[in-house]
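What follows is each chain in one-letter form.
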Amino acid sequence: MSRQCNRPACSEPAAATYGYDYAERTVWLVDVTTQPHPATYDLCHRHADGLTVPVGWDLRDRRNVVSSLIEYRAS
Ligand SMILES: [Zn+2]
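This write-up is about the structure you can find in this document. All values reported here derive from a predicted model rather than from experimental measurement.

## Section: the overall build of the protein chain
Right, so step 1: Scanning the protein chain from N- to C-terminus turns up 2 helices and 4 strands.
Right, so step 2: Helices and strands in the protein chain line up, N terminus first, as β-β-β-α-β-α.
Right, so step 3: Burial analysis of the protein chain (75 residues in total) assigns 29% to the buried set.
Right, so step 4: Restricting to contacts in the protein chain with at least 6 residues of sequence separation, those with at least 24 account for 58%.
Right, so step 5: As displayed, the protein chain offers around 5600 Å² of accessible surface, 52% of which is attributable to carbon and sulfur atoms.

Structure follows, in structure tokens:
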């Protein structure tokens, strides 16, 4: 089962997952997770790139970290 972007009126496939860490005032963004989690939201590439966070919050974009590591180990 493929997942779609969480944004209304967007039917693009999910490319990233984000969630809120209220204690750290951080929004984290990662490559789409394999297992859906109730506290996270899926976004397509376009909406992930356009993701904004509340004033005073940090955005931690951790996309491509895992795939970069795999490429590094393969070379
Ligand atoms: Zn979208």
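Read on for the rest.
## Re the coordination of the zinc ion
Right, so step 1: Around the zinc ion, the protein contributes the donor atoms C5 (SG), C10 (SG), C44 (SG) and H47 (ND1), at 2.0 to 2.3 Å from the metal centre.
Right, so step 2: Here the zinc ion is ringed by 4 donor atoms whose angles at the metal span 104 to 115°, and the overall shape comes out tetrahedral.
Right, so step 3: Each donor residue of the zinc ion lies on one chain, and together they are spaced C-x4-C-x33-C-x2-H. For the pair shown, C44 and H47 are each scored as buried.

## A closer look at the side chain of D42
Right, so step 1: On the secondary structure map, D42 appears in strand β3 (residues 40–43).
Right, so step 2: By relative accessible area, D42 is classed as buried at 11%.
Right, so step 3: In this structure the side chain of D42 is engaged in a polar contact, spanning 2.9 Å, whose partner is the side chain of T17.

## Quick look at the pattern of salt bridges
Right, so step 1: Considering all chains together, one arrives at 3 salt bridges under this definition.
Right, so step 2: In this structure, R63 engages D49 in a salt bridge whose closest nitrogen and oxygen atoms are separated by 3.0 Å. With R63 in the loop between β4 (58–61) and α2 (65–74) and D49 in helix α1 (residues 45–49), this residue pair connects regions lying 14 residues apart in the sequence.
Right, so step 3: Close ionic contact of D61 with R63 constitutes a salt bridge, the shortest N to O distance being 2.8 Å.
Right, so step 4: Judged by relative accessible area, R63 falls into the buried class, the value being 17%.
Right, so step 5: Here the salt bridges do not stand alone but share partners, grouping D49, D61 and R63 into one network.

## Here's the deal with unusual backbone geometry
Right, so step 1: Phi is positive for A9, which is not a glycine, with a value near 70°.
Right, so step 2: Along the chain, A9 falls in the segment before β1 (16–21).

Parameters at a glance
Residues numbered from 1 in each chain as written. Predicted model: local features only at pLDDT ≥ 70, side-chain atom pairs only at ≥ 80, totals over all residues. Heavy atoms only, no water. Helix = DSSP H or I, 4+ residues; strand = E, 2+ residues; numbered from the N terminus. Buried < 20%, exposed > 50% of the residue type's maximum accessible area, 1.4 Å probe, protein only. Contact = heavy atoms within 4.5 Å. Areas by Shrake-Rupley, 256 points an atom, 1.4 Å probe, with all protein chains shown as cover. Donors = N, O, S within 2.8 Å, 3.2 Å for Na, K, Ca; no water. Tetrahedral: all angles 85-135°; square planar, octahedral: opposite > 155°, others 65-115°. Polar contact = N/O pair within 3.5 Å; in protein donor to acceptor, adjacent residues only side chain to side chain. Salt bridge = Lys/Arg side-chain N within 4 Å of Asp/Glu carboxyl O.

Function cannot be read off these values alone, since they describe shape.
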